[in-house]
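Structure at a glance
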Amino acid sequence: MNNRVRVRFAPSPTGALHLGGVRTALFNYLFARHHGGDFLLRVEDTDQARFVPGAEEYIINALKWCGLTVDEGVGVGGPFAPYRQSERKALYRQFALDLVASGHAYLAFDPAGELDEHRAAAEAKGETFVYGGRNRRALKNSLALPPAEVRGLLDAGASHVIRFKMPAYEELVLRDIIRGEVRFNTYLLDDKVLFKADGMPTYHLANVVDDHLMQISHVIRGEEWLPSLPLHVLLYRALGWERTMPQFAHLPLILKPVGNGKLSKRDGNKMGFPVFPMEFTDPETGEKWRGYKEDGYLPEAFINMLALLGWNPGTEQEIFSLDELCEQFTLECVNKSGARFSPDKAKWFNHKYLQEKPDAELAASLALLLADEGIHYDEARLARVCHLLKERANFVSDIRDASRFFYSAPGSYDEKGRRKNWKEETPALMRELAGVLAGVADFTAAATEAAVRAWVTGKEIGLGKVMNPFRLAIIGAADGPALFEIIEILGKEETLARLATAVERLRAGN
Ligand code: GLU
């Protein structure tokens, strides 16, 4: 038996990978790294009707942006290649036929129209049609029809599927690493299709066959797959693979920020936050979805936020680097109950990570945003601008928005601030202030502050009488970050020029 930890992220390329999908990938990745095992990427594209072009590429890019390195799989290769199920098509048929031969599956010829009629009839009675132990003998399949008729249908090339023969009544007691014992009764389950008329396996068959062949040790996936667990376990048994069957862990749902239910992509648009790691345009509908990346999130912050959606480290610690997560992550510390998503908490994480970023790195990102808007800036000042403004920022774009006065003198002045702070005596005071500042040789925040304070004290006036109009003159607004820090970055010449302009343009009174 293979004892090596091998886990897989197995998305279906039916659209962009949303938050929940990335969290599944992350928990698989963390589990693999924690145990020194392998993290695989397998693309489950057997449902051709739901295939979305570009989705696979999106998934690969999203994992890259998040820093989740794939050891084996699509885009990387490996000893069990190919890892795209559509390229493994030829492989699955034999397993389905083996199941038929061993009596665990059967051929079903029911035309789609007839099944629709059964469904409609059941619905009319307020029931749900279930293809299974209670009615399969009355339907068109190889268990119900005489062998000669089955042969005839096959010879005539009749379209058919292969269905799993669900045991009539069996209590299954299964183990889930997160949930402990989970019980199912096969009485309630239907005869799922394993192999489709189009020559493709269904998800269930392909998933079990591949997990077996790829020597997957643990299946870690979303809670929505828990109802499939009994079928999968029965398939392992039927195929004779129970001894090496993977262990299962079903992750809790990610819940809406408010109210009940699972977080959906619509919630993001409604409440103004992204649910996708990166921007995505649906090729069919043309609908555009926001992404964490484009919204200015740092991948480390995004990953840290996701890790705590369902995983509980058991301490007060909230900030974890990817390495720390790998070291500390265990499935035993994943909660059973749903994890509520909070857009504010996501911003909080980004704020925290932004504070840790070197100013030069932030400056490089800020430069890109400024260039986008065609704003001219003095490159040498940007790191200091970032240093000054990051404390109040969640995103680099917040720094951009708070820093506009650094790139050009105020075009206008806050009207309320003017009425409140620009008095009759202000122009004279500002001229005097300009004189004081002009006399400061080394134009640092500390030096200008000391000079201004000494002058104000000598004049026996309140500091506010000077600082409020001074701020208005320099940044055009009544509040903002530390003014002496701002003028240090602007420099003496620009500071004096702005003071002079304000004296010229601003008038006291209402
Ligand atoms: N292809 C399935 C999905 O899209 C994989 C589920 C599983 O991990 O077994 O989520």
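Above: the structure in question.
Residues numbered from 1 in each chain as written. Predicted model: local features only at pLDDT ≥ 70, side-chain atom pairs only at ≥ 80, totals over all residues. Heavy atoms only, no water.

Thoughts on the pattern of salt bridges
- Enumeration according to the criterion identifies 41 salt bridges in this entry.
- One salt bridge connects lysine 192 with aspartate 190, and the closest N-O pair in it is separated by 2.8 Å.
- Classification of lysine 192 by relative accessible area gives partly exposed; the value is 30%.
- Sharing partners across several salt bridges, the network here consists of Arg8, Arg42, Glu44, Arg88, Asp210 and Asp211. (Salt bridge = Lys/Arg side-chain N within 4 Å of Asp/Glu carboxyl O. Buried < 20%, exposed > 50% of the residue type's maximum accessible area, 1.4 Å probe, protein only.)

Things to note about helix H3 (residues 89–101)
- Every buried residue of H3 is accounted for by Tyr92, Phe95, Ala96 and Leu99. The arc enclosing the buried residues of H3, seen along the axis, measures out at 100 degrees, which places them on a common side. Of the exposed residues in H3, those oriented more than 90 degrees away from the buried face are Ala90 and Ala101.
- Looking at the buried side of H3, the elements it contacts are strand E4 (105–108), strand E5 (161–164), strand E8 (193–195), helix H6 (203–213) and helix H7 (229–238).
- After H3 finishes, the residue glycine 103 shows a positive phi value of roughly 85 degrees. (Helix = DSSP H or I, 4+ residues; strand = E, 2+ residues; numbered from the N terminus. Arc of directions from axis to C-beta. Contact = heavy atoms within 4.5 Å.)

Focus: the pairing of strand E10 (residues 247–251)
- Of all 5 residues in E10, 4 are buried; the element is thus mostly enclosed.
- Direction of pairing for strand E9 (residues 218–222) relative to E10: parallel, over a ladder of 5 bridges. Its bridge partner lying in E10, isoleucine 220 is registered against alanine 249.
- Chirality of the crossover, the property in question, places the unit of E9, H7 and E10 among those that are right-handed. (Pairing = 2+ DSSP bridges. Right-handed = clockwise from strand over helix to strand, strands pointing away.)

Details of the sheet that holds E8
- Spatially, the 3 strands line up as an open sheet ordered E4-E5-E8, and their pairing is antiparallel. Because the sheet does not close on itself, it has two edges, and the strands there are E4 and E8. Across the sheet, the mean angle from the axis of one strand to that of its neighbour is 45 degrees, orientation sign disregarded.
- Sheet topology places E4 next to E5; 4 bridges connect them, and they run antiparallel. Looking at E5, one finds that alanine 105 is bridged to phenylalanine 164. (Axes fitted to C-alpha atoms, helices over the stretch in contact; angles between N-to-C directions.)

A closer look at the packing of aromatic side chains
- Applying the stated criterion across every chain, the model contains 19 aromatic pairs.
- Arranged with centres 5.0 Å apart and planes meeting at 55 degrees, the rings of phenylalanine 27 and phenylalanine 329 form a pair that is tilted. Placement of the pair is phenylalanine 27 in helix H1 (residues 19–34) and phenylalanine 329 in the loop between helix H10 (322–328) and strand E14 (339–340), with a sequence separation of 302 residues.
- Judged by its relative accessible area of 0%, phenylalanine 27 falls in the buried class.
- According to the relative accessible area criterion, phenylalanine 329 is buried, its value standing at 0%.
- An aromatic cluster is defined as three or more aromatic residues linked by ring pairs; in this entry it consists of Trp65, Tyr292, Tyr297, Phe302 and Phe395. (Phe/Tyr/Trp six-rings, centres within 6.5 Å; stacked < 30°, edge-to-face > 60°.)

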